[in-house]
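One letter stands for each residue in the lines below.
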Amino acid sequence: MDFAKAAHAFQEYLKDYDQNNDKVKLKIVHTYGVVRQAEEICRRKNLGPEDTELAKIIALLHDIGRFEQLKQFDSFEPSTMDHAAYGVKILFQESMIRRFLNEDQWDDIIRTAIAKHSDFILEDVSDPRTLLHAKLIRDADKLDNFRVKLEDDFMTFMGITEEETGTLKISPGIYETVFRNSTILSSDRITKMDYWVSYIVHIFDLNFRESMDIVAENNYIQRLIQRVPYSDPDTARKMQEIQKHAENYVMEFQESPFL
């Protein structure tokens, strides 16, 4: 495996897309952010060079379907395209994977990890090494998504401002889901506040203590919640409750003797 070769091929692939588009730029930066997070998780887990290189290549390619989604629909909404399935299609059915990787011995792991990286629940993976990499990309993706939601232009990924978001309600079903320690189905979101809550509770789908340590070290929960000024009193109260619950979950996860 040669990550440098894969990264060069990725840059060539991007020439077909408008890199001045804010959403495309966001996804390019996100891709390399996920690569860094995958590498950091591997370092903390003391994984070997081969698994680390493989995790980085999966991270590089995990969102390759997003760029065509943006080109066709200018949207991240899952209703417009299943970007993971499209990524698998172009990489493996159209043999684009060989642009990034000469060898085919890791194809099954890469295919499964990319196909399942945005599934609501990770299931039906029995091979231990494939499961490791499926979990790695899901964690790395969510960790960089926390950075995106903190640092990137709010209008680019939300379509409205922080101030407008803070005037809105959290739907009752979304609020209740948080306290079941569950992530939120895209189709269940109604208001833009529902979307914002759904990004925060990605912590409930993290797999590794190392990933949760990164959340705690960066104080992601508090910082994410504080990015939006909640002018609706009911929303402000509920976000305080969500923050307390989420921070307790992080601490309990870190202290679990079974991880």
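Note: the structure precedes this text.
These numbers come from a predicted model, not from an experiment.

Undergrad: Explain the overall build of the protein chain to me, please; I cannot follow it from the model alone.
TA: Counting its regular elements, the protein chain contains 15 helices and 0 strands. The principal-axis extents of the C-alpha atoms in the protein chain amount to approximately 55 × 45 × 30 Å. Within the span of the protein chain, comprising 259 residues, buried residues form 54% of the whole. Contacts in the protein chain between residues far apart in sequence, at least 24 positions, make up 70% of those at least 6 positions apart. Accessible area of the protein chain: about 11900 Å², with a carbon and sulfur share of 48%. Separation between the mean location of the 33 positive side-chain charges and that of the 46 negative ones in the protein chain comes to 1 Å.

Undergrad: Is there a simple way to explain unusual backbone geometry in this structure?
TA: With the exception of glycine, most residues fall at negative phi, and the peptide bonds are largely trans. Here the phi dihedral of Asn-46 falls at roughly 60°; this positive angle occurs in a residue that is not glycine. In this fold, Asn-46 is placed in the loop between helix 2 (22–44) and helix 3 (49–61). For Asn-181, which is not glycine, the phi dihedral falls at a positive 55°. As for its position among the elements, Asn-181 is in the loop between helix 11 (172–178) and helix 12 (192–200). Classification of Asn-181 by relative accessible area gives partly exposed; the value is 34%.

Undergrad: Got a minute to help me understand the packing of helix 7 (residues 107–116) against helix 8 (residues 128–151) in this structure?
TA: Viewed as axis vectors pointing N to C, helix 7 and helix 8 meet at an angle of 40°, and their least axial separation amounts to 9 Å. Between helix 7 and helix 8, the angle falls in the class oblique. Pair helix 7 / helix 8 crosses with right-handed handedness. For the pair formed by helix 7 and helix 8, the contact residues are Ile-109, Thr-112, Ala-113 and Lys-116 on the first element and Arg-129, Thr-130, His-133, Ala-134, Ile-137 and Arg-138 on the second. Partitioned by chemical class, the residues of the contact of helix 7 with helix 8 number 4 nonpolar, 3 polar and 3 charged.

Undergrad: Even after reading the chapter, I still don't get helix 15 (residues 233–255), so can you show me in this structure?
TA: Owing to its 3.6 residues per turn, the α-helix aligns residues three or four sequence positions apart on the same side. A rise of 1.5 Å per residue sets the reference length of helix 15, with its 23 residues, at 33 Å; its end C-alpha atoms lie 34 Å apart and thus fit the reference within 8%. Those residues of helix 15 that fall on the buried side of the exposure criterion are Thr-235, Lys-238, Met-239, Ile-242, Gln-243, His-245, Ala-246, Tyr-249, Val-250 and Phe-253. Of the residues flanking the start of helix 15, the one acting as N-cap is Asp-232, its side-chain oxygen 3.1 Å from the backbone nitrogen of Asp-234.

Undergrad: Sorry, what's going on with helix 7 here?
TA: Residues Asp-107, Ile-109, Ile-110, Ala-113, Ile-114 and Lys-116 constitute the buried set of helix 7. In this fold, the buried residues of helix 7 make contact with helix 3, helix 5 (83–93), helix 6 (97–100) and helix 8.

Undergrad: Can you help me understand the packing of helix 14 (residues 220–227) against helix 15 in this one?
TA: In helix packing, the relevant descriptors are the interaxial angle and the interaxial distance, both defined with respect to the helix axes. At a closest axis distance of 9 Å, the pairing of helix 14 and helix 15 adopts a crossing angle of 165°. With respect to each other, helix 14 and helix 15 are oriented roughly antiparallel. Note on packing geometry: the crossing formed by helix 14 with helix 15 is right-handed. The residues of helix 15 that touch helix 14, namely those facing Ile-221, Gln-222 and Ile-225, are Met-239, Ile-242, Gln-243, Ala-246, Glu-247 and Val-250. Of the residues belonging to the contact of helix 14 with helix 15, the class tally is 6 nonpolar, 2 polar and 1 charged.

Cut-off values and rules
- Residues numbered from 1 in each chain as written.
- Predicted model: local features only at pLDDT ≥ 70, side-chain atom pairs only at ≥ 80, totals over all residues.
- Heavy atoms only, no water.
- Helix = DSSP H or I, 4+ residues; strand = E, 2+ residues; numbered from the N terminus.
- Buried < 20%, exposed > 50% of the residue type's maximum accessible area, 1.4 Å probe, protein only.
- Contact = heavy atoms within 4.5 Å.
- Areas by Shrake-Rupley, 256 points an atom, 1.4 Å probe, with all protein chains shown as cover.
- Lys, Arg positive; Asp, Glu negative; His and termini not counted.
- Charge placed at Lys NZ, Arg CZ, Asp CG, Glu CD.
- Axes fitted to C-alpha atoms, helices over the stretch in contact; angles between N-to-C directions.
- Parallel < 35°, antiparallel > 145°, perpendicular 65-115°, else oblique.
- Left-handed = near helix turned anticlockwise from the far one by under 90°.
- Nonpolar A, V, L, I, M, F, W, Y, C, P; charged D, E, K, R; others polar.
- Expected span 1.5 Å × (residues − 1).
- Polar contact = N/O pair within 3.5 Å; in protein donor to acceptor, adjacent residues only side chain to side chain.

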